[in-house]
Amino acid sequence: MSQGRVAIVTGAARGIGAATAQRLAADGFAVAVLDLDEASAKATVDAVEAAGSRGLAVGADVSDAEQVTAAVERIAAELGAPTVLVNNAGVTRDNLLFKMTDSDWDTVMNVHLRGSFLMTRAVQKYMVEAKYGRIVNLSSTSALGNRGQLNYSTAKAGLQGFTKTLAIELGKFGVTANCIAPGFIASDMTRATAERIGEDWDTYVAARAAAIPVARAGEPADIAHTVSFLVSEGAGFVSGQVIYVAGGPKA
């Protein structure tokens, strides 16, 4: 019974976030497409509406408390009380430890950890009132350690602890919290990684796919499909879990 429910997907202008927004729209959710730049979210909103659902583009910096409060209040007023939240917004500032700047560290922590905290705190009251909620946080296989990503790995590992504690605190209100840790996904973010290390994209994808048991790169739709399951009514007994969607075992 997703009809009438309202979902928020952060970082939904492109990549995993856009695929997730479109999938949730197909599942019957009204979807707030939140991204740093409201105009950049328009294409995703068009896709949501093409899927037959209501969409709303919302511009906000998830690491800014005032912007988050305003965004969530606007979503509640225009779409309805949100009871599904997908914390997907993310950035990378990759570098080895000795080259990593204070800004590289702070930017990644602010978007991934502070952003997920602020969004979840703002949305939880609607879930508690409804006695129903689904929270999905996007971690990464980098949480297990990844050279050149000290900041990102730390943030993504932190989201796993964040998720498990949310599950404990909010469970009695009918709210579940789960975490998806994608492996290698073909996206703008991984293209940027290939560029950073000076590798041709097709060569990079082929090399990464060769190390994956299912022998292919992941697609944003693979993650969107897992989100769809976790936010479904039938997944109400699944909470506090970290699911590695990586084409093979990771943890």
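Rules and cut-offs
- Along each chain, the written sequence defines residue order, and numbers are assigned to residues from 1.
- Selection of residues for local features in this predicted model requires a pLDDT of at least 70, selection of side-chain atom pairs for listing and counting requires 80 or more, and totals for whole chains, interfaces and linings are taken over all residues.
- Excluded from the side-chain calculations are hydrogens and water; all other atoms, namely the structure's heavy atoms, are used.
- The buried label goes to any residue with under 20% of its type's maximum accessible area, the exposed label to any with over 50%, and the partly exposed label to all in between, with areas taken from a 1.4 Å probe on protein chains only.
- A helix here means a DSSP run of H or I that spans at least four residues, while a strand means a run of E at least two residues long, and both kinds are numbered starting from the N terminus.
- The arc under discussion is defined with respect to the helix axis, by the directions toward the C-beta atoms.
- Here a strand pair is declared whenever DSSP counts at least two bridges between the two strands.
- In this description, a line fitted to the C-alpha atoms serves as the axis of each element, helices being fitted only across the stretch in contact, and the angle between N-to-C directions of two axes falls anywhere from 0 to 180 degrees.
- Residue contacts are defined here by distance: any two heavy atoms, one from each residue, within 4.5 Å place the two residues in contact.
- Residues enter patches when their relative accessible area tops 30% and they take part in no salt bridge; the joining distance is 9 Å for like charges and 5 Å for the nonpolar side chains Val, Leu, Ile, Met, Phe, Trp and Tyr.
- Per-residue accessibility takes into account occlusion by the displayed protein chains alone, with areas from the Shrake-Rupley method and a 1.4 Å probe.
- Salt-bridge detection follows one rule: a side-chain nitrogen of Lys or Arg within 4 Å of a carboxyl oxygen of Asp or Glu.
- These descriptions rest on fixed angle ranges, namely under 35 degrees for roughly parallel, over 145 for roughly antiparallel, 65 to 115 for roughly perpendicular, and the rest for oblique.
- Crossings are classed by handedness, with left-handed meaning an anticlockwise turn of the near helix from the far one by less than a right angle and right-handed meaning a clockwise turn.
- The term nonpolar core refers to a set of buried residues drawn from Ala, Val, Leu, Ile, Met, Phe, Trp, Tyr and Cys, joined through side-chain atoms within 4.5 Å.

**Details of helix 6 (residues 188-196)**
Point 1. Listed in full, the buried residues belonging to helix 6 are Thr190, Thr193 and Ala194. Each buried residue of helix 6 sits inside an arc of 100° when the element is viewed along its axis, so together they form one side.
Point 2. Positive backbone phi, at 75°, marks Gly198, one or two positions downstream of helix 6.

**With respect to the sheet that holds strand 6 (residues 175-182)**
Point 1. Read from one edge to the other, the open sheet built from 7 strands follows the order 3-2-1-4-5-6-7, with strand pairing classed as parallel. The sheet is open, and its two edges are formed by strand 3 (55-59) and strand 7 (242-245), each paired on a single side. Each neighbouring strand pair of the sheet contributes to a mean axis angle of 20°, computed without reference to strand direction.
Point 2. In terms of strand pairing, strand 6 meets strand 7 through 4 bridges, oriented parallel. By the bridge assignment for strand 7, Ile180 is matched with Ile243.
Point 3. Helix 1 (residues 15-26) rests against strand 1 (6-10), strand 2 (30-35), strand 4 (82-87) and strand 6 of the sheet, and its axis sits at about 170° to strand 1.
Point 4. In this fold helix 3 (residues 65-78) packs onto strand 1, strand 2, strand 3 and strand 4, with an angle of close to 160° to the strand it touches most, strand 3.

**So, a nonpolar patch on the surface**
Point 1. Residues Leu97, Trp105 and Leu150 make up a contiguous nonpolar surface patch of roughly 290 Å² in combined accessible area.
Point 2. Residue position: Trp105 is located in helix 4 (residues 102-130).
Point 3. Judged by its relative accessible area of 31%, Trp105 falls in the partly exposed class.

**Some points on the packing of helix 1 against helix 2 (residues 42-50)**
Point 1. In the contact formed by helix 1 and helix 2, the axes pass within 8 Å of each other and the chain directions differ by 20°. On the basis of the axis angle, helix 1 is roughly parallel to helix 2. Crossing hand, helix 1 versus helix 2: right-handed. Here Ala18, Ala21, Gln22 and Ala25 of helix 1 lie close against helix 2, whose contacting residues are Thr44, Ala47 and Val48.

**Side note on the nonpolar core**
Point 1. Counting residues in each nonpolar core, the largest one holds 33 residues, and the members touching the most others are Ile8, Leu34, Val72, Ile75, Leu79, Met119 and Ile135.
Point 2. Put simply, the parts of the chain that give this core at least two residues each are strand 1, strand 2, strand 3, helix 3, helix 4, helix 5 (150-170) and strand 6.
Point 3. Counting residues per element, this core draws most heavily on helix 4, which supplies 8 residues.
Point 4. Each residue touching Ile135, except ones within four places of it in the same chain, is listed here: Leu85, Asn87, Thr120, Met127, Leu166, Leu170, Val175, Thr176, Ala177 and Asn178.
Point 5. Counting residues in each nonpolar core, the second largest holds 25 residues, with Ala21, Ala25, Val227 and Val231 among its members.

**Topic: unusual backbone geometry**
The general pattern is negative phi for most residues beyond glycine and trans for most peptide bonds.
Point 1. The phi dihedral of Lys131 falls on the positive side, at around 55°, and the residue is not glycine.
Point 2. With respect to the helices and strands, the residue Lys131 is situated in the loop between helix 4 and strand 5 (133-138).
Point 3. A relative accessible area of 56% places Lys131 in the exposed class.
Point 4. Here the phi dihedral of Ala215 falls at roughly 60°; this positive angle occurs in a residue that is not glycine.
Point 5. Mapped onto the fold, Ala215 is located in the loop between helix 7 (201-210) and helix 8 (220-230).
Point 6. A relative accessible area of 57% means that Ala215 is categorised as exposed.

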